[in-house]
Amino acid sequence: MPAEEDTGASAVSRELPIRNKEADTESFDIVKTYHRLLAEDDDLIMPLAAIEAMIESLRHMSSTTVHETMDLLKEQSAKLQSSVENPIAVYHGTDLFQQYFLKQLKQPGPDSETTSSHKNFEVVREHLLRNGTSFIQKAKQAREKIAVAGRRYIRDNYTILTYGGSRAVEVLFTRAMEAQDGDAPRRFKVIQVVDEARPAKNDRVAAALREKGIKVATIPSSAVAFAMETVDRVVVGAEAVCSNAGIISGMGTYPIALVAKAYNKELFVAAEQYKFGDTYPSYQSSLGFRGFKQNIINFQSSRTPERDVSLPASPVDYTPPDYITSFFTDQGDLTPQAVRRNILDFIVDKPVELPM
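Summary of the structure given here.

Rules and cut-offs
Residues numbered from 1 in each chain as written. Predicted model: local features only at pLDDT ≥ 70, side-chain atom pairs only at ≥ 80, totals over all residues. Heavy atoms only, no water. Helix = DSSP H or I, 4+ residues; strand = E, 2+ residues; numbered from the N terminus. Buried < 20%, exposed > 50% of the residue type's maximum accessible area, 1.4 Å probe, protein only. Contact = heavy atoms within 4.5 Å. Areas by Shrake-Rupley, 256 points an atom, 1.4 Å probe, with all protein chains shown as cover. Pairing = 2+ DSSP bridges. Axes fitted to C-alpha atoms, helices over the stretch in contact; angles between N-to-C directions. Patch = residues over 30% accessible without salt bridge, like charges linked within 9 Å, V, L, I, M, F, W, Y side chains within 5 Å. Salt bridge = Lys/Arg side-chain N within 4 Å of Asp/Glu carboxyl O. Polar contact = N/O pair within 3.5 Å; in protein donor to acceptor, adjacent residues only side chain to side chain. Arc of directions from axis to C-beta. Right-handed = clockwise from strand over helix to strand, strands pointing away.

### Re the overall build of the chain
- Counting its secondary structure elements, the chain contains 13 helices and ten strands.
- Within the chain, the fraction of its 356 residues that count as buried is 53%.
- In the chain, the share of contacts with a sequence separation of at least 24, taken over all contacts with a separation of at least 6, comes to 76%.
- Accessible surface computed for the chain: about 17,000 Å², of which carbon and sulfur atoms make up 50%.

Structure (structure tokens):
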């Protein structure tokens with residue numbers, strides 16, 4: 001998003017009404033709320049947990065002006081981002097929620113009053129709070145829509161290589177193995193590249209797929225080139241989809257994309273639309289994200305080097321759009337060009353749909 005343009009969130013806030021009561025956020029801890037939500041629901045992923053935590057923070061912002069509310073939401077977002085090693089997914093979730101909140105305030109209210117009416121501010125605020133519980137469940141349904149979009153790309157006797165523990169990819173494979181509306185189940189095999197930084201996800205996905213009768217082989221990342229010649233397609237998930245239609249995902253995704261390109265294998269990305277955002281990576285070491293550094297490379301001059309830098313729990317890398325064939329999304333099968341248009345429409349302040 002443009003950082004200082006007068007057409008952005010601050011300008012919209014100034015056009016909206018003032019309420020003269022104090023906010024009550026002192027007793028609310030958005031960081032604890034975020035981690036509690038993730039702990040309580042194994043299916044909840046970071047951007048959704050961030051959105052739900054933001055909705056909960058709004059519940060504690062009693063009686064504020066729109067301008068004050070936006071300032072408080074930004075403050076809560078910044079606090080949450082600073083509390084995690086990798087803030088990218090949290091940023092995309094909280095930014096999407098703030099933009100959605102503003103866009104809803106700009107829509108005509110139920111009484112046909114102008115969008116800047118005091119009453120419509122209350123309507124939108126109460127609507128978000130009222131629907132906060134159902135929002136996450138509806139957002140999870142995005143994975144089912146992704147499965148519909150991607151199912152036709154999985155054919156009998158295919159061998160598909162994947163990486164990490166994407167829930168969207170897991171649902172896609174699971175649904176492809178089932179009969180759907182008269183369409184026979186697919187019979188295929190999966191090669192899962194082990195993500196050393198996320199061992200629990202590897203085990204969960206492999207176990208879930210095998211339970212459905214899908215044959216799964218697990219290989220180390222060093223064996224990707226060896227295995228690629230036997231692969232028909234590559235399907236991966238993403239932590240974030242960037243404004244140029246590249247993806248930020250578990251570290252190791254980009255090398256897989258490079259090998260797939262060398263072997264002329266198509267690479268598909270399964271990603272929910274709420275992962276789309278304005279992040280624009282410039283290079284691997286910064287990912288274009290506000291100085292976010294992972295401290296992966298640690299030079300030593302001692303003859304007996306000691307590891308004095310802690311690696312992040314979930315390192316990521318950036319895969320440019322040139323390596324991506326298509327995206328399976330809850331909006332259908334989208335080319336990288338279509339994804340760029342989708343994100344641009346969001347950035348230039350066109351209505352964005354969230355499952356509220």
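### Considering the environment of Gly150
- Here Gly150 lies in helix H8 (residues 142-151).
- For Gly150, a relative accessible area of 0% puts it in the buried group.
- For the pair Gly150 and Leu172, spaced 22 residues apart in the sequence, the C-alpha separation amounts to 6.8 Å.
- In this structure Gly150 touches Leu172 and Phe328, once residues within four positions along its chain are discounted.

### Comments concerning the sheet that holds strand E5 (residues 240-241)
- Strand order in the open sheet made by the three strands is E5-E6-E8, with antiparallel pairing throughout. The strands lining the two open edges of the sheet, one partner per strand, are E5 and strand E8 (316-319).
- Of the strands in this sheet, strand E6 (247-250) and E8 are in contact with helix H12 (residues 253-262), which crosses E8 at around 35°.

### With respect to a nonpolar patch on the surface
- Taken together, the side chains of Ile296, Ile297 and Phe299 present a nonpolar region at the surface, about 380 Å² in accessible area.
- On the secondary structure map, Ile296 appears in the loop between strand E7 (266-270) and E8.

### A few points about the pairing of strand E9 (residues 326-329)
- Here E9 shows a buried face lined by Ser326 and Phe328 and a second buried face lined by Phe327 and Thr329.
- Where E7 and E9 come together, three bridges link them in parallel fashion. Bridge pairing links Phe268 to Ser326 in E9.
- Pairing of E9 with strand E10 (residues 332-334), which is carried by three bridges, proceeds in the antiparallel orientation. Considered in E10, the bridge of Phe327 is made with Leu334.
- Here E9 hands over to E10 after two residues, the two strands then running antiparallel side by side.

### Considering the side chain of Gln192
- Take Gln192: it is sitting in strand E2 (residues 189-193).
- A polar contact is formed between the side chain of Gln192 and the backbone oxygen of Gly164, at a distance of 3.1 Å.
- Setting aside residues no more than four positions away along its own chain, Gln192 makes contact with Thr162, Gly164, Lys201, Asn202, Val205, Ala206, Val216, Ala217, Thr218 and Ile219.

### Digging into H12
- Among the residues of H12, Thr253, Ile256, Ala257, Val259 and Ala260 are the ones counted as buried. One face of H12 carries all of its buried residues, which in axial projection span an arc of 165°.

### Considering the pairing of E2
- Most of E2 sits out of view: four of its five residues are buried.
- Judged from the five bridges that link them, strand E1 (residues 159-163) and E2 form a sheet pairing that is parallel. If you follow Tyr163 over to E2, its bridge partner there is Val193.
- Running through helix H9 (residues 167-176), the crossover from E1 to the neighbouring parallel element E2 is right-handed.
- Sheet analysis places E2 next to strand E3 (residues 215-219), joined by five bridges and oriented parallel. Pairing of Gln192 across the sheet is with Thr218, part of E3.
- The parallel pair E2 and E3 is bridged by helix H10 (residues 199-211), and the resulting crossover is right-handed.

### Examining the sheet that holds E3
- As summarised here, the arrangement of the seven strands in space is E3-E2-E1-E4-E7-E9-E10, forming an open sheet in which the pairing is mixed. Only two strands of the sheet have a single neighbouring strand rather than two, namely E3 and E10. This sheet shows a mean twist of 25° between the axes of neighbouring strands, independent of strand direction.
- Against the sheet, H10 touches E2 and E3, its axis set at about 175° to E2.

### Details of the pattern of salt bridges
- This model, assessed by the stated rule, comprises twelve salt bridges.
- We note a salt bridge from Arg36 to Glu40, for which the minimum N-O separation is 3.3 Å. Linking Arg36 with Glu40, this pair stays in helix H2 (residues 30-40), spanning four residues, or about one helical turn.
- Of the charged contacts, one joins Arg151 and Asp183 as a salt bridge, the two residues approaching to 3.0 Å between their closest N and O atoms. With a gap of 32 residues between them, Arg151 in helix H8 and Asp183 in the loop between H9 and E2 connect regions that are remote in the sequence.
- A relative accessible area of 8% means that Arg151 is categorised as buried.
- If you follow the salt bridges from partner to partner, you end up with Glu144, Arg175, Glu178 and Lys212 in one network.

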